[in-house]
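# Examination of the molecular architecture
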Amino acid sequence: QQKVQQSPESLTVSEGAMASLNCTFSDGTSDNFRWYRQHSAKGLEVLVSIFSDGEKEEGRFTAHLNRASLHVSLHIREPQPSDSAVYLCAMTGNNNNRIFFGDGTQLVVKP
Amino acid sequence: DAGVTQTPRHEVAEKGQTIILKCEPVSGHNDLFWYRQTKIQGLELLSYFRSKSLMEDGGAFKDRFKAEMLNSSFSTLKIQPTEPKDSAVYLCASSLDWGAYEQYFGPGTRLTVL
């Protein structure tokens, strides 16, 4: 079963500074990876989906995947206070629709 | 286009009660998932349906948790009897199909068991 570890547990950045979140996984056979955002009292919102090694950009959000090093990251360019939320990385197993989630990173963006 | 809807948004129950949470998936989606989210355990899969058939029933959650999907547009999660440790946010998600398709999440039901 896939194990997903996120770091840091919490991160505080100033508005406009780059925010970087990390995720490592135990098994390189997953074939798709996603970053979700969860505002308090709201459901999960998918930010970026990435299916191959390299980089994928969606607006201010960029995911980097390196399957060989079992690592996927999320970089948030020019973060705003409204980006304050819990960010979860997730990966889908390659033979079913089961998603394995990390425990999340609490991001706080200070004005 | 309506997303995943969940009701109620908040539920308070006494220990030992039976509660039923409801979910309506995105129209046309074939897969439906129930998750439990707590600060300690994070997101845990409870049940997974594909085209209304139960594919996964959550192992450790089997004894008091029962998810049903009587039609393609409605699912319920019954917890009977509730225990204080069941206090959590329960999330429902749906997906068009397996593989690369996104899972769309509802806003969740926050359950507090006293």
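Check the entry above for the structure.
Residues numbered from 1 in each chain as written. Chains lettered and ligands numbered in written order. Predicted model: local features only at pLDDT ≥ 70, side-chain atom pairs only at ≥ 80, totals over all residues. Heavy atoms only, no water.

## Concerning the overall build of chain B
Each helix and strand counted, chain B has 0 helices and 11 strands in total. In terms of C-alpha radius of gyration, chain B reaches 13 Å, essentially the compact-globule figure of 13 Å for 114 residues. Its C-alpha atoms put chain B at 40 × 30 × 30 Å along the principal axes. Out of the 114 residues in chain B, the part that is buried amounts to 47%. Sequence separation of 24 or more characterises 54% of the internal contacts of chain B that already satisfy a separation of 6 or more. Total accessible area computed for chain B in this model is approximately 5,800 Å², and 50% of it derives from carbon and sulfur atoms. Side chains of chain B give 13 positive and 14 negative charges; the mean places of these two sets differ by 5 Å. (Helix = DSSP H or I, 4+ residues; strand = E, 2+ residues; numbered from the N terminus. Rg over C-alpha atoms; globule rule 2.2 N^0.38 Å. Buried < 20%, exposed > 50% of the residue type's maximum accessible area, 1.4 Å probe, protein only. Contact = heavy atoms within 4.5 Å. Areas by Shrake-Rupley, 256 points an atom, 1.4 Å probe, with all protein chains shown as cover. Lys, Arg positive; Asp, Glu negative; His and termini not counted. Charge placed at Lys NZ, Arg CZ, Asp CG, Glu CD.)

## Focus on the sheet that holds strand 1 (residues 5–7) of chain B
Residues and elements named next belong to chain B. An order of 1-3-8-7 is seen for the 4 strands of this open sheet, with the pairing classed as antiparallel. Each edge of the sheet is formed by a strand with only one pairing partner; in this case those strands are strand 1 and strand 7 (65–71). Sheet twist, expressed as the average angle between the axes of neighbouring strands with direction ignored, equals 20 degrees. Here strand 3 (residues 19–24) pairs with strand 8 (residues 74–79) via 5 bridges, running antiparallel. Residue Lys 22 lies in a different strand from strand 8, and its bridge partner there is Thr 76. (Pairing = 2+ DSSP bridges. Axes fitted to C-alpha atoms, helices over the stretch in contact; angles between N-to-C directions.)

## Considering the sheet that holds strand 3 (residues 19–25) of chain A
Residues and elements named next belong to chain A. Spatial ordering of the open sheet is given by 1-3-8-7-6, a layout of 5 strands whose pairing is antiparallel. Edge positions in the open sheet fall to strand 1 (4–7) and strand 6 (54–58), since each of these has one partner strand only. Neighbour to neighbour, the strand axes of the sheet diverge by 20 degrees on average, direction disregarded. Pairing between strand 1 and strand 3: 4 bridges, direction antiparallel. Across the sheet, the residue bridging to Gln 5 is Thr 24, located in strand 3.

## Focus: the nonpolar core
Counting 25 residues, the largest nonpolar core has A:Leu21, A:Trp35, A:Val72, A:Leu74, A:Ile76, A:Tyr87 and A:Leu107 as its most contacted members. Elements with a minimum of two residues in this core: strand 2 (10–14), strand 3, strand 4 (32–38), strand 5 (44–50), strand 7 (61–66), strand 8 (71–76), strand 9 (85–92) and strand 11 (105–110) of chain A. Ranked by size, the runner-up nonpolar core spans 20 residues in total, among them B:Phe65, B:Leu77, B:Ile79 and B:Leu111. (Core = buried A, V, L, I, M, F, W, Y, C linked by side-chain atoms within 4.5 Å.)

## Section: the state of the cysteines
Residue and element names in this part refer to chain B. Across all of its chains, the model carries 2 disulfides over all chains by this definition. Each sulfur in the disulfide pair Cys 23 and Cys 92 lies 1.8 Å from the other. Residues Cys 23 and Cys 92 are joined by a disulfide whose S-S torsion is about -70 degrees; by sign, that bridge is left-handed. Separated by 69 residues along the polypeptide, Cys 23 in strand 3 and Cys 92 in strand 9 (residues 88–95) bring together distant segments of the chain. (Disulfide = S-S within 2.5 Å.)

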